[in-house]
Amino acid sequence: MSASTLAVSATSAPFEIYSDEFRRILGSNPQLELLSNDFKFSEGVCWVEQGQFLVVSDFLNDRVMKWTEREGLTVYRQPAQTANGNAVDAEGRVISCLTRARSVVRFEHDGSQTVLADSYDGKKLTSPNDVVVKGDGSIWFTDPDYGWLVAEFGHCQPPEQHRNRVYRVAPDTLEVTVASEDFDKPNGICFSPDERILYIGDTGMTHGAFRPHRLMAFDVQADGRTLSNPRLFADINPWVPDGFRCDVDGNVYVGAGDGVQIFNPAGEMLGKILTPEAVGNLSFGMSDKQTMFIGASSSLFAIKLQTAGAK
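Residues numbered from 1 in each chain as written. Predicted model: local features only at pLDDT ≥ 70, side-chain atom pairs only at ≥ 80, totals over all residues. Heavy atoms only, no water.

What about the sheet that holds strand β4 (residues 42-48)?
Part 1 of the argument: Spatially, 4 strands are ordered β4-β5-β6-β7 in an open sheet, and the strand pairing comes out antiparallel. Each end of this open sheet is capped by a strand with a single partner; those strands are β4 and β7 (72-77). Pairwise comparison of adjacent strand axes, ignoring direction, gives a mean angle of 25 degrees for this sheet.
Part 2 of the argument: Pairing of strand β6 (residues 63-68) with β7 involves 5 bridges; the strand directions are antiparallel. Bridged to Trp67 within β7 is Leu73. (Pairing = 2+ DSSP bridges. Helix = DSSP H or I, 4+ residues; strand = E, 2+ residues; numbered from the N terminus. Axes fitted to C-alpha atoms, helices over the stretch in contact; angles between N-to-C directions.)

Things to note about the side chain of Thr275
Part 1 of the argument: Position of Thr275 relative to the elements: it lies in the loop between β25 (269-274) and β26 (281-285).
Part 2 of the argument: One polar contact links the side chain of Thr275 to the main-chain carbonyl oxygen of Glu277, over a distance of 2.6 Å.
Part 3 of the argument: Setting aside its immediate chain neighbours within four residues, Thr275 contacts Leu32, Asp258, Gly259, Ile294, Ala296 and Phe301. (Polar contact = N/O pair within 3.5 Å; in protein donor to acceptor, adjacent residues only side chain to side chain. Contact = heavy atoms within 4.5 Å.)

Describing the nonpolar core
Most often, soluble globular proteins have nonpolar side chains that are buried together.
Part 1 of the argument: One finds Tyr253, Val260, Ile273, Met292, Ile294, Ile303 and Leu305 to be the most contacted residues of the largest nonpolar core, which totals 19 residues.
Part 2 of the argument: At the level of elements, α1 (20-26), β3 (32-36), β24 (259-263), β25, β26, β27 (291-296) and β28 (299-304) are the ones that each hand at least two residues to this core.
Part 3 of the argument: Discounting residues that sit within four places of it in the chain, Met292 has contacts with Tyr253, Val260, Leu282, Ser283, Phe284, Phe301, Ala302, Ile303 and Leu305.
Part 4 of the argument: Membership of the second largest hydrophobic core comes to 14 residues, among which are Cys190, Phe233, Phe244 and Val252. (Core = buried A, V, L, I, M, F, W, Y, C linked by side-chain atoms within 4.5 Å. Buried < 20%, exposed > 50% of the residue type's maximum accessible area, 1.4 Å probe, protein only.)

Looking at the confidence of the model for the protein
Part 1 of the argument: When pLDDT is averaged across the protein, the result is 95; 96% of the residues are at 70 or more.
Part 2 of the argument: Considering only residues more than four positions removed or in separate chains, one finds that residues 1-12, a stretch of pLDDT under 50, has 20 contacts. (pLDDT = per-residue confidence, 0-100.)

Topic: the state of the cysteines
Part 1 of the argument: For the coordinates displayed, the defined rule picks out 0 disulfides.
Part 2 of the argument: This cysteine, Cys156, is not joined by any disulfide, and Cys97 carries the nearest cysteine sulfur, 19 Å off.
Part 3 of the argument: Note on Cys156: relative accessible area 34%, which makes it partly exposed. (Disulfide = S-S within 2.5 Å.)

Section: the environment of Glu108
Part 1 of the argument: Structurally, the position occupied by Glu108 is in the loop between β10 (103-107) and β11 (113-117).
Part 2 of the argument: Sequence-wise, Glu108 and Arg93 are 15 residues apart; in three dimensions their C-alpha atoms are separated by 5.9 Å.
Part 3 of the argument: Discounting residues that sit within four places of it in the chain, Glu108 has contacts with Arg93 and Thr114.

With respect to the packing of aromatic side chains
Part 1 of the argument: Tallied over the entire structure, the rule returns 12 aromatic pairs.
Part 2 of the argument: Centre to centre, the rings of Trp47 and Phe293 are 5.7 Å apart; their planes meet at 5 degrees, and the pair counts as stacked. With a gap of 246 residues between them, Trp47 in strand β4 and Phe293 in strand β27 connect regions that are remote in the sequence. Neither residue differs from the other here; Trp47 and Phe293 are each classed as buried.
Part 3 of the argument: Seen in terms of ring centroids, Phe183 and Phe218 are 5.8 Å apart; in terms of plane orientation they differ by 40 degrees. Their pairing is tilted. Of this pair, Phe183 sits in the loop between β17 (176-180) and β18 (186-191) while Phe218 sits in strand β20 (residues 214-220); the two residues are 35 residues apart in sequence, bridging distant segments of the chain. Like Phe218, Phe183 is buried.
Part 4 of the argument: Stacked on the ring of Phe53, the Lys or Arg Lys66 has its end atom at 4.6 Å from the ring centre.
Part 5 of the argument: For the cation-ring pair, Lys185 lies above Tyr146, with the distance from its terminal atom to the ring centre recorded as 5.8 Å. (Phe/Tyr/Trp six-rings, centres within 6.5 Å; stacked < 30°, edge-to-face > 60°. Lys NZ or Arg CZ within 6 Å of the ring centre and 35° of its normal.)

Concerning the sheet that holds strand β2 (residues 15-17)
Part 1 of the argument: Strands sit in the order β2-β25-β24-β23-β22 across an open sheet of 5 strands; the sheet is antiparallel. Edge strands, defined here as strands with exactly one partner in the open sheet, are β2 and β22 (244-246). Averaged over all pairs of adjacent strands, the angle between their axes in this sheet comes to 15 degrees, without regard to strand direction.
Part 2 of the argument: Of the strand pairs in this sheet, β2 and β25 are connected by 3 bridges, and their pairing is antiparallel. Looking at β25, one finds that Glu16 is bridged to Lys272.

Considerations on the environment of Lys289
Part 1 of the argument: Checked against the element boundaries, Lys289 lands in the loop between β26 and β27.
Part 2 of the argument: Taking relative accessible area as the criterion, Lys289 reaches 16% and is therefore assigned buried.
Part 3 of the argument: Sequence spacing of Lys289 and Trp47 is 242 residues, and the spatial spacing of their C-alpha atoms is 8.9 Å.
Part 4 of the argument: In this structure Lys289 touches Phe284, Thr307, Ala308, Gly309, Ala310 and Lys311, once residues within four positions along its chain are discounted.

Regarding unusual backbone geometry
Part 1 of the argument: Cis geometry marks the peptide bond from Gln78 to Pro79; its omega dihedral reads 0 degrees.
Part 2 of the argument: With respect to the helices, strands and loops of the structure, Pro79 is situated in the loop between β7 and β8 (83-88).
Part 3 of the argument: Note that the residue after Asn237, namely Pro238, is joined by a cis bond; omega there is -5 degrees.
Part 4 of the argument: Within the chain, Asp121 stands out as a residue other than glycine whose phi angle is a positive 55 degrees.
Part 5 of the argument: Here Asp121 shows up in the loop between β12 (119-120) and β13 (123-124).

Right under this line is the structure:
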């Protein structure tokens with residue numbers, strides 16, 4: 001980590017260990033480190049392997065930040081159309097969900113911007129939130145109605161879509177199709193390591209105590225385009241499942257109200273990495289992909305684990 005890295009004491013950031021597997025993942029001397037507390041709300045945490053740097057959306061400040069071990073935190077893009085979730089494709093190009101622009105875009109290596117999706121069925125998207133790139137190059141993203149509901153970072157325009165959906169963008173034609181619409185507010189999205197399961201968070205509870213706060217799992221069909229067998233993977237408490245990632249063993253690391261909650265592929269909780277603020281998103285990074293970067297509201301943390309993130 002950089003020279004400015006600050007250690008977080010065990011008393012302010014303890015670990016809750018419910019299994020030997022989580023004890024193995026943490027190793028003998030886990031250290032949660034504070035890299036920065038200069039965010040208004042950190043989101044879209046994404047490691048860019050080709051450039052060996054991290055991007056983090058500071059979306060309430062309308063900017064995307066960049067972190068490297070050598071230079072620390074610098075501004076990557078500003079203004080950013082209230083960028084939220086980020087992903088990276090096989091060519092190392094950053095793909096962003098732009099809440100205010102109601103679109104999913106790709107930033108080319110020459111600095112230009114390609115719009116991948118901004119409408120469906122002739123009507124504008126509502127407010128793309130999070131995105132993932134599948135191995136075949138297809139792009140999957142969630143489109144809840146937060147941009148309409150939350151003036152602070154949204155556009156406040158009534159939705160043209162009549163449902164909050166999950167969409168797929170074809171890699172060759174950029175055709176946008178519906179992957180699922182069985183959600184209140186679809187949010188985080190992540191494939192299992194073998195891409196046979198797609199995890200999608202439903203965060204409806206942000207606008208009602210009795211609304212969903214759950215992580216759903218879907219089987220990806222052999223065609224690689226359609227989903228089946230929707231099922232509850234885990235109810236998340238406290239708060240909601242925001243961003244999440246899988247490690248190479250298929251364990252799921254979920255951003256929640258108390259930190260990062262870790263589940264095995266069967267949906268059993270292995271343990272928690274507790275943070276002082278709610279976690280919006282996270283990503284595995286560094287050359288060995290064993291460092292987890294955690295965006296927790298105003299802060300960005302890092303912890304070296306004894307496992308690696310799935311590609």
